[in-house]
Structure formats: C-alpha cells, structure tokens
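Observations on the model geometry
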Amino acid sequence: MTSEQELFWKEIKQIQDFVVNVSLSKVSKYNDVSMLLNDVTYETIYKLMELIDGLRNNNIRGEIISLPSGNNINSNIELHDYCEEYLKHSDI
C-alpha cells in the first residue's frame, strides 16, 4: 500500500472513530432506532464528503467521475454542503 493510500485509510478510520464516539455519547437521547441510524449514517457520509472535498486533510481531495459521461460530479461544488438537503437526520 502506498503512503497516500495509508493516509486515506487513516482518515477513514478517524471518521469511523469520531462517528462511533459521538453516537455513543448521544445514544440515550434517541427514542427511535431508525433516527439513531439516520444520524450515524448522516455523520459518516458528511465526514466522507468533507474528505472528498479536501476539508479534512489538505493532502487529500477526491474527484467523483461519472463513467458514462466522463464528467466530474463534484466539479465546482462542495459535496458536504448538500448532505442536509438530501439525507435524513435529527436535531439531537
């Protein structure tokens, strides 16, 4: 594995650790397991979009390419900015 790949997976592990710890600290506030799962997946996806957007580590920025068209899906946008618009989450 290259050093760049190691760095990428280190960031992914940090995201997982963060989301697990935050979720565990809030678990008693949930009355509905589905809302807990929505929030866990929302936080995970949000952090992954930040990673792709280059906000978590200055040495990592991703491009999402549509294979049929060859277009860069995240050209001129920050993916994490759209999480709230498209993903379910609570206000806990």
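As a starting point, this report considers the structure included with it.

**A look at the packing of helix α1 (residues 3-26) against helix α2 (residues 33-53)**
Where α1 meets α2, the closest approach of the two axes is 10 Å, and the angle between their N-to-C directions is 150°. Compared by their axis directions, α1 and α2 come out roughly antiparallel. In the packing of α1 onto α2, the handedness of the crossing is right-handed. Here Phe 8, Glu 11, Ile 12, Ile 15, Phe 18, Val 19 and Ser 23 of α1 come into contact with α2, specifically with Val 40, Glu 43, Thr 44, Lys 47, Leu 48 and Leu 51. Split into classes, the residues belonging to the contact of α1 with α2 amount to 8 nonpolar, 2 polar and 3 charged.

**Points about α1**
Between its first and last C-alpha atoms α1 spans 35 Å; for 24 residues at 1.5 Å apiece the expected length is 34 Å, and the two agree. Where α1 is concerned, the buried positions are Glu 11, Ile 12, Ile 15, Val 19 and Ser 23. As for α1, its buried residues are in contact with α2.

Rules of the game
- Residues numbered from 1 in each chain as written.
- Predicted model: local features only at pLDDT ≥ 70, side-chain atom pairs only at ≥ 80, totals over all residues.
- Heavy atoms only, no water.
- Axes fitted to C-alpha atoms, helices over the stretch in contact; angles between N-to-C directions.
- Helix = DSSP H or I, 4+ residues; strand = E, 2+ residues; numbered from the N terminus.
- Parallel < 35°, antiparallel > 145°, perpendicular 65-115°, else oblique.
- Left-handed = near helix turned anticlockwise from the far one by under 90°.
- Contact = heavy atoms within 4.5 Å.
- Nonpolar A, V, L, I, M, F, W, Y, C, P; charged D, E, K, R; others polar.
- Expected span 1.5 Å × (residues − 1).
- Buried < 20%, exposed > 50% of the residue type's maximum accessible area, 1.4 Å probe, protein only.

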